[in-house]
Amino acid sequence: CCVSINSKTLKPDEPCKRIVLYYHDILFNGTDLANATSAKITNDTQFGYHFGMMVVFDDPMTKDGHLHSPPVARAQGFYFYDKRGTYNAWFAYTLIFNSTEYKGTLNIMGADPLPEKTRDLSVVGGTGDFFMARGIATFTTEDAQGDYYFRLQMDIKLYECYKT
Amino acid sequence: CCVSINSKTLKPDEPCKRIVLYYHDILFNGTDLANATSAKITNDTQFGYHFGMMVVFDDPMTKDGHLHSPPVARAQGFYFYDKRGTYNAWFAYTLIFNSTEYKGTLNIMGADPLPEKTRDLSVVGGTGDFFMARGIATFTTEDAQGDYYFRLQMDIKLYECYKT
Amino acid sequence: CCVSINSKTLKPDEPCKRIVLYYHDILFNGTDLANATSAKITNDTQFGYHFGMMVVFDDPMTKDGHLHSPPVARAQGFYFYDKRGTYNAWFAYTLIFNSTEYKGTLNIMGADPLPEKTRDLSVVGGTGDFFMARGIATFTTEDAQGDYYFRLQMDIKLYECYKT
C-alpha cells in the first residue's frame with residue numbers, strides 16, 4: 001500500500017468542482033441603513049489608503065453581476081486594508097450556501113492586492129456539500145464606485161472534493 | 001502509482017479522531033475583571049444584533065459542561081457578530097492542548113449562525129499531537145445567559161490524521 | 001483503487017519544501033510614520049499584557065536577520081494579544097512572494113504563545129508556486145525592543161506540495 005502525500009500532481013485547470021459567483025459589498029456610509037450590507041469597525045490609520053480600516057460584512061453572492069439578482073449564497077466575514085501607497089486588502093470569510101443546488105459552507109482566507117488584475121486566495125475547508133473541500137478562490141474586481149460599493153467576481157475552484 | 005486526490009471518499013460518521021469539549025465564554029462586563037475570559041475590542045454598529053462587535057477570548061475548554069471543571073485546553077482567538085436581523089457570528093481561533101493526554105493545537109475557522117441548532121466550522125490545521133490534521137468542528141449552544149456568558153459544545157471530528 | 005486519507009504517515013523532519021525567513025515588525029509609535037510597517041487598530045483592554053490590542057501589518061521578510069536586507073517577501077495580515085498574565089498573540093496572515101525565486105502566496109494562522117521558545121502555526125493553503133500547499137510555520141523570537149520592534153524567525157515547512 002500507500003502513496004505519499006508529498007508528491008502529488010494537481011492540474012490548476014482541472015478542478016473537481018468550479019463555482020463562479022459575484023460578491024457585492026455595500027459599505028454603510030452613515031445614512032443608507034436600509035441597503036448597506038457591511039460596516040466599518042475600525043478607523044483608518046495615518047498610513048493612508050485606508051490602512052487599518054476593518055469591515056465586517058454579510059454580503060450577497062449572485063450568479064451574475066447584477067446586485068439585485070437573487071442571492072444564491074451569503075459571504076460572511078471581514079476584510080481590512082493593510083498597505084501603504086496602494087489599496088491592498090486581506091479577507092477571511094465563509095460562503096454560506098442554502099439553496100436547492102448546494103447546502104454547506106466554504107471557508108476562505110488570503111490577501112487581496114487590488115492592483116493585480118486577478119488575486120488568488122485559499123479555500124481552506126468546507127462543510128455540508130463541500131465537506132472537507134480545499135481549493136483556490138480567484139478574485140477579479142468588476143466594479144468599484146467610490147468607497148461604498150464594489151463587486152468582485154469570485155471564481156472558486158476546488159481541487160480536493162470528497163464524496164460522503 | 002498514484003491516486004488522484006480529486007476523487008476520495010470520506011465518511012462523516014467515521015472520523016479518525018473525535019474530541020468533544022465545552023467552550024465557556026465569560027465576556028467582560030466592565031466590572032468582573034477577576035472572572036472574565038474575553039473582552040470586546042470593537043463596538044456595535046447601527047445595524048443591531050451586535051453587528052460589528054468583535055471579541056477577543058482566552059476561554060477554558062472543559063470535558064463536561066461545568067464552567068468550573070478543570071480546563072483540558074484553552075480556546076484563543078476572536079469572534080464577531082456579522083448579521084442584521086438575527087444573531088450570527090464568525091470565529092477564528094486555536095485550541096491549545098497542554099495536558100498529559102494531548103499536546104498541540106488545532107486551528108479552526110468558520111461561520112456560527114446561531115439560529116441553527118448545530119453549526120459546522122472547519123478545522124484547517126493542527127500541530128504537535130494533531131500535526132497537519134483537518135476536520136470539522138460542530139458547535140451546539142448549550143447555554144446563553146444574557147450578553148455575558150455562553151457555553152458551546154464543540155464536537156471536533158478529524159478526518160485527516162497523520163502519524164509522525 | 002483508492003487509499004484512505006485517514007491513515008497516512010508524515011515525518012516532521014522531512015518536509016517537501018522548507019523556507020526559513022525573518023519577519024520584522026515595526027509598530028507605529030505615533031511619530032515614525034516614515035519607517036513603521038504596522039499599526040494598532042484597537043486599544044488594550046483592562047486585562048493587561050496588551051490583551052485586545054490588534055495590529056495590522058505589511059511587514060518585510062528577509063533571508064537573514066537584518067532589518068535592512070532586501071525583502072524577499074511581504075507578510076500581510078494581523079495579530080492581536082489575547083492572554084492575561086503573560087504576552088500571548090494570535091496571527092493570521094499571508095506571505096506574498098514576488099521574486100525570481102518564488103511567485104505566489106502562503107496563508108498562515110495560529111496561536112503565538114510568546115513564553116514558549118518555539119511556536120507552531122498552520123500553513124493552511126497556498127497559491128502560485130505554492131499551489132494548494134499545507135504545512136507548519138515555526139516561530140522563534142529573535143529580538144524584541146520594547147513595544148515597537150520585534151523580529152521572528154519563521155521556519156516554514158511544507159508537507160503537502162503539489163506539482164502543477
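Up top is the structure these notes are about.
The present account deals with the structure reproduced in this document. (Residues numbered from 1 in each chain as written. Chains lettered and ligands numbered in written order. Predicted model: local features only at pLDDT ≥ 70, side-chain atom pairs only at ≥ 80, totals over all residues. Heavy atoms only, no water.)

Topic: the state of the cysteines
All names here are of chain A. According to the stated counting rule, one finds 3 disulfides over all chains in the structure shown. The disulfide bridge from Cys-16 ends at Cys-161, spanning 2.0 Å between sulfur atoms. Between Cys-16 and Cys-161, the S-S torsion sits near 90°, and that sign places the bridge as right-handed. Within this pair, whereas Cys-16 is found in the loop between strand E1 (8-9) and strand E2 (17-26), its partner Cys-161 is found in the loop between strand E10 (149-160) and strand E11 (162-163), the two being separated by 145 residues in sequence. Here Cys-16 falls in the partly exposed class, since its relative accessible area comes to 29%. (Disulfide = S-S within 2.5 Å. Helix = DSSP H or I, 4+ residues; strand = E, 2+ residues; numbered from the N terminus. Buried < 20%, exposed > 50% of the residue type's maximum accessible area, 1.4 Å probe, protein only.)

Some thoughts on the relation of the copies chain C and chain A
One copy of the chain maps onto the second through a rotation about an axis and a displacement along it. When chain C is brought onto chain A, the operation consists of a screw motion whose angular component is 120° and whose axial shift is 0.0 Å, with 0.0 Å RMSD remaining. On this basis, the relationship between the two copies can be described by a three-fold rotation axis. Minimal C-alpha distance to the rotation axis in chain C is attained by Val124(C), lying at 3.5 Å. (Least-squares fit on C-alpha atoms with pLDDT ≥ 70 in both.)

Regarding the interface of chain C and chain A
Taken together, the 47 residues of chain C in the interface contact 37 residues of chain A. With both sides pooled, the region where chain C packs onto chain A buries about 3,300 Å², and carbon together with sulfur makes up 64% of that total. Counting every contact that joins chain C to chain A gives 2 salt bridges. Between Arg134(A) and Glu160(C) there is a salt bridge, and its shortest N-O distance comes to 3.9 Å. Viewed at the interface, chain A and chain C are joined by 15 residue pairs in polar contact (both at pLDDT 80 or more). For the side of chain C that touches chain A, the secondary structure elements donating two or more residues are strand E3 (38-40), strand E4 (54-62), strand E5 (73-81), strand E6 (88-98), strand E7 (103-113), strand E8 (118-128), strand E10 (149-160) and strand E11 (162-163) of chain C. A per-class count over the side of chain C that touches chain A returns 27 nonpolar, 12 polar and 8 charged. Summarising the sheet, E1(A) and E11(C) pair through 2 bridges and their orientation is parallel. (Contact = heavy atoms within 4.5 Å. Buried area = accessible area lost by both parts, 1.4 Å probe. Salt bridge = Lys/Arg side-chain N within 4 Å of Asp/Glu carboxyl O. Polar contact = N/O pair within 3.5 Å; in protein donor to acceptor, adjacent residues only side chain to side chain. Nonpolar A, V, L, I, M, F, W, Y, C, P; charged D, E, K, R; others polar. Pairing = 2+ DSSP bridges.)

Notes on the interface of chain B and chain A
Of the residues lining the interface, 37 residues belong to chain B; the matching set on chain A comes to 47 residues. Across the chain B-chain A interface, the total number found is 2 salt bridges. Residue Lys83(B) is joined to Asp58(A) by a salt bridge in which the shortest nitrogen-to-oxygen separation is 2.8 Å. The interface formed by chain B and chain A holds 15 residue pairs in polar contact (both at pLDDT 80 or more) in total.

Considering empty space enclosed by the protein
The full count for this structure, using the stated rule, is 3 cavities of 30 Å³ or more. Considered as a void within the structure, the second largest cavity measures approximately 40 Å³ in volume. Around the second largest cavity sit Phe78(A), Trp90(A), Ala92(A), Met109(A), Phe78(B), Trp90(B), Ala92(B), Met109(B), Phe78(C), Trp90(C), Ala92(C) and Met109(C), which together line it. When residues of the lining of the second largest cavity are traced back to their parent elements, those giving at least two are strand E6 (88-98) of chain A, strand E6 (88-98) of chain B together with E6 of chain C. Along the lines of polarity and charge, the residues of the lining of the second largest cavity split into 12 nonpolar, no polar and no charged. (1 Å grid on protein atoms, 1.4 Å probe; cavity = no way out; pocket = protein on both sides within 12 Å on 5 of 7 lines; lining within 4 Å. Points joined across faces, edges and corners; volume = space filled by probe spheres on them.)

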